[in-house]
Amino acid sequence: QVQLVESGGGWVQPGGSLRLSCAASGSIVSIYAMGWHRQAPGKQRELVATLTSGGRANYADSVQGRFTISRDNAKNAVYLQMNSLRPEDTAVYYCNDEVQTPSDLALYSYWGQGTRVTVSS
């Protein structure tokens, strides 16, 4: 079993910054891709950013140049530095890891419980 725990959400004024963290624990051989998604009220969940174990990052157009994803493989952690935040960034942010488990060495997708980010004045 693998657990993902997010932290770092909260309220911030437009133009401000927040840093989200997500730590994975449990039966982990390795983590291939780590990423962040978000779901705004009344909208579908959408991809924000992903980062592979090889260092390839992918961002949604709406956050390109403002958000930076990074990871610490030793801690099984992924981070999302969010700068120049806008009201439209308001959402619940979920981390998502593609984890290789010892049971069969296959990759499984795990999700965190979500952390709320509110951008308003």
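Quick notes on the rules
Residues numbered from 1 in each chain as written. Predicted model: local features only at pLDDT ≥ 70, side-chain atom pairs only at ≥ 80, totals over all residues. Heavy atoms only, no water. Helix = DSSP H or I, 4+ residues; strand = E, 2+ residues; numbered from the N terminus. Buried < 20%, exposed > 50% of the residue type's maximum accessible area, 1.4 Å probe, protein only. Contact = heavy atoms within 4.5 Å. Pairing = 2+ DSSP bridges. Axes fitted to C-alpha atoms, helices over the stretch in contact; angles between N-to-C directions.

Peer 1: Please provide a residue-by-residue account of the environment of valine 99, values included.
Peer 2: Here valine 99 is to be found in strand E9 (residues 91-100). Owing to a relative accessible area of 0%, valine 99 belongs among the buried residues under this scheme. Considering only alpha carbons, one finds valine 99 and alanine 24, 75 residues apart in sequence, at a separation of 9.3 Å. For valine 99, the residues in contact, after removing those within four places along its chain, are Val2, Ser27, Ile28, Ser30, Ile31, Ala106, Leu107, Tyr108 and Tyr110.

Peer 1: Can you lay out the sheet that holds strand E1 (residues 2-7) for me, pointing to particular residues and giving the numbers?
Peer 2: Reading across the sheet, the four strands line up as E1-E3-E8-E7 and stay open at both edges, with antiparallel pairing between neighbours. Here the strands that pair on one side only, and so sit at the sheet edges, are E1 and strand E7 (67-72). When strand polarity is set aside, the average angle formed by the axes of neighbouring strands in this sheet is 15 degrees. Here strand E3 (residues 18-26) pairs with strand E8 (residues 77-82) via six bridges, running antiparallel. Directly across from cysteine 22, in E8, lies its bridge partner valine 78.

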